[in-house]
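Close look at the chain arrangement
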Amino acid sequence: MKPDRATFRSGLLAGSALVLALAAIPAGAEQKTDDHTTGPGAAYQPSMTTLGELQVEIPGRKPGDPVMTPEEYQAANKIYFERCAGCHGVLRKGATGKPLTPDITRENGYEYLRDFITYGSPAGMPNWGTSGELTEEQVDMMARYILLEPAEPPEFGMPEMRASWKVIVKPEDRPTRKMNDIDIDNLFSVTLRDAGQIALIDGGTYEIKAVLDTGYAVHISRISASGRYLYVIGRDAKVNMIDLWMDPPATVAEVKIGTEARSVETSKFEGFEDRYAIAGAYWPPQYVIMDGDTLEPLKIKSTRGMIYDEQTYHPEPRVASIVASHYRPEFIVNIKETGKVQLVDYSDIRNLRITEIEAERFLHDGGFDRSGRYFLVAANARGKVAVIDTKEGKLTALIETGGETPHPGRGANLMHPVYGPVWATSHLGDETVALIGTDPEGHPDHAWKVVQTLEALGGGSLFVKSHPNSDHLYVDAPLNPDAEVSASVAVFTVSELGQEEPEYKVLPVGKWAGIEDGQPRVVQGEFNKAGSEIWFSVWNAKDKPSAIVIVDDKTLKLKHVIKDPRLITPTGKFNVYNTRSDVY
Ligand code: DHE
């Protein structure tokens, strides 16, 4: 069932839309990109869907501009933000992909651009035309569109934020004690991606306690230090603050912090529990510190600035993951395109102190080691993991993972029989799982090195997971092109990792869900509080049934399937206790 590596790579590369290389089309490019179909990796490139909905006007015409009606420009702009901006940038000045500003595109000319969009390039540009993803008319429209000046989306500063801010239940009107019978620590907040909702599911009874409306294409949930408040962010940058003490739990405040966003977090340092929330935006490139009780926006910081190594200006560095330090009153803010990690001291936000750490470009997701002192974050397009010492406030190491495009989620912490505490990441681009030593005191020779590389099901993995009470490491592969692989999970036994070639077991989680309709992918394991069960999302299309499958961690047998018409496109799941205590 393991697809060979080359087949997988060609599928994924095409989908990953990495680069529109604006060099001359190599002879025979058409032939070389024949197998360049748009693969499932495409689903994982940032899609600026909210920006695509904005009404735009054609920027001031210049002599020689191609003819485009306002309707065509609007339609092309939508396609650009949904399909192209994730790599080429909102302002078309380049990100992981090359810049597409008119000075460059005009030099290449209409026919060149049309053919490039049609056939793609071996360097990673998808073959939008020959794959059927775009019609001939759409390709023609996109070639004309990128010859014109880009449409610059609006900024989103304090006036816009305050206008969007709503306190639905004031702090003084909220309950003074928990009013429901929910075991909040074992509650799961489940992203219902395409419904723009979250489901709150009881970890003991599997009962859906509430389904709440949130932002568009909602992304992640994070929990306040006390465990009372749940913060959820949508891709449209809307933050919902949910009071879990209410019966039933309900949104008590909301605010929009931009137009496109992916991350939210809350202050965790002693004395600052539940005091602040922070959210990071893709557009505009900024993060916002908010009052933890009301979401009142207090401080906006732009991330525009210099790339850490070249020291050239980047106009739109997106904010990727944000975590809260346990050692200092600081948020750790990871800035993608400039490759900087900012330690934002929230103890005095009027006189904000920021420590800026040079890490690596294209920072994305990450998590803490088991001690909670070191934060490991993937610079995914660079194949590296940066290690931040949150106690000392500096970069400890930059590690090549050896695989293609590390994607840890929050990663998984294991007690390795030979190397002691290690942290794991799987990869989007191949089947490898890298185990990195994280114990500089007990195992100094192995600290911050890849001590072992495992081979799991195949590429297209997004998340690994374990728990201090578990002897297992779970590795998903939801973006693998093979339907059987993308519906399965590999499980390694941690105490057997000392063996030469550790074997893994395959859990047919998708099959266990018993869904006949569609081709669901199995994504993101999340443990219950006790660490005795792991939950997986069986993520189907919006109009098809999905499910959550619960596996007994000891026996690796199916324990329960949650099916409900309200479970539309479940993806991320966040157990209240594990999320607030960084247990993974
Ligand atoms: Fe995510 C975390 C960005 C697509 C499910 N995702 C993150 C984080 C970022 C991010 C920056 C870290 C947040 C943090 O820790 O503060 N994700 C992006 C994208 O830019 C991308 C590639 C494309 C896009 O347009 O959004 C993307 N993500 C996806 C998906 O398609 C997934 C699989 C399904 C979905 O719900 O959209 C998905 N992302 C997740 C999940 C997490 C996440 C479940 C949190 C994992 C965790 O364990 O904490």
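Residues numbered from 1 in each chain as written. Predicted model: local features only at pLDDT ≥ 70, side-chain atom pairs only at ≥ 80, totals over all residues. Heavy atoms only, no water.

1. A short note on the pattern of salt bridges
- Applying the stated criterion across every chain, the model contains 31 salt bridges.
- Residue Lys78 pairs with Glu53 through a salt bridge whose shortest N-O separation is 3.0 Å. Taken together, the residues Lys78 in helix 4 (residues 70–88) and Glu53 in helix 3 (residues 49–53) connect sequence positions 25 residues apart.
- For Glu72, the salt bridge identified is with Arg144, shortest N-O distance 2.9 Å. Residue Glu72 is found in helix 4, and its partner Arg144 is found in helix 7 (residues 136–145); the two are separated by 72 residues along the sequence.
- Accessibility expressed as a relative area gives 24% for Glu72, which makes it partly exposed. (Salt bridge = Lys/Arg side-chain N within 4 Å of Asp/Glu carboxyl O. Helix = DSSP H or I, 4+ residues; strand = E, 2+ residues; numbered from the N terminus. Buried < 20%, exposed > 50% of the residue type's maximum accessible area, 1.4 Å probe, protein only.)

2. Topic: the coordination of the iron atom of the ligand
- Donor atoms from the protein around the iron atom of the ligand number only one, His219 (NE2), found at 2.2 Å.
- Note on placement: His219 falls in the loop between strand 4 (208–213) and strand 5 (220–223). (Donors = N, O, S within 2.8 Å, 3.2 Å for Na, K, Ca; no water.)

3. Focus: the nonpolar core
- Within the largest apolar cluster, 32 residues are counted, with the highest numbers of intra-cluster contacts made by Tyr80, Ile117, Met142 and Tyr145.
- Of all the secondary structure elements, the ones that give two or more residues to this core are helix 4, helix 6 (110–119), helix 7 and strand 10 (276–283).
- With 7 residues, helix 4 is the single largest residue contributor to this core.
- Aside from chain neighbours lying at most four places away, what touches Met142 is Ala76, Ile79, Tyr80, Cys84, Ile117 and Leu134.
- Counting residues in hydrophobic clusters, the runner-up holds 24 residues, among them Val169, Val255, Ile257 and Ala281. (Core = buried A, V, L, I, M, F, W, Y, C linked by side-chain atoms within 4.5 Å. Contact = heavy atoms within 4.5 Å.)

4. Some remarks on helix 4
- The first and last C-alpha atoms of helix 4 sit only 22 Å apart over 19 residues, clearly below the 27 Å expected at 1.5 Å per residue.
- Residue Phe81 marks the point of greatest curvature in helix 4, where the axis turns by about 50°.
- Buried residues of helix 4: Tyr73, Gln74, Ala76, Asn77, Ile79, Tyr80, Phe81, Cys84, Ala85, Gly86, Cys87 and His88, and no others.
- A positive phi of about 90° marks Gly89, the residue just after helix 4. (Expected span 1.5 Å × (residues − 1). Bend = angle between axes of the 7 residues up to and from the residue.)

5. Focus: the side chain of Ser546
- Of note, Ser546 is situated in the loop between strand 32 (533–539) and strand 33 (547–552).
- Within polar-contact distance, the side chain of Ser546 engages the backbone oxygen of Val538 at 3.5 Å.
- Those residues in contact with Ser546 that sit more than four places away from it in its chain are Ile515, Val538, Trp539, Asn540, Lys563, Leu567, Thr569 and Pro570. (Polar contact = N/O pair within 3.5 Å; in protein donor to acceptor, adjacent residues only side chain to side chain.)

6. Things to note about the pairing of strand 32
- Counting buried positions over the 7 residues of strand 32 gives 6, a clear majority of the element.
- Across 5 bridges, strand 31 (residues 521–527) lies against strand 32 in antiparallel orientation. Across the sheet, the residue bridging to Glu526 is Trp535, located in strand 32.
- The loop that links strand 31 with its antiparallel partner strand 32 comprises 5 residues; one of these, Gly531, has a positive phi angle of about 80°.
- In this sheet, strand 33 lies alongside strand 32 in antiparallel orientation, the contact comprising 6 bridges. Across the sheet, Phe536 pairs through a bridge with Val549, a residue of strand 33. (Pairing = 2+ DSSP bridges.)

7. Here we look at the sheet that holds strand 33
- Read across the sheet, 4 strands follow the order 31-32-33-34 without closing on themselves; strand pairing throughout is antiparallel. For this open sheet the edge positions go to strand 31 and strand 34 (558–562), each flanked by a neighbour on one side alone. Shown here is a sheet whose adjacent strand axes are inclined to one another by a mean of 25°, direction ignored. (Axes fitted to C-alpha atoms, helices over the stretch in contact; angles between N-to-C directions.)

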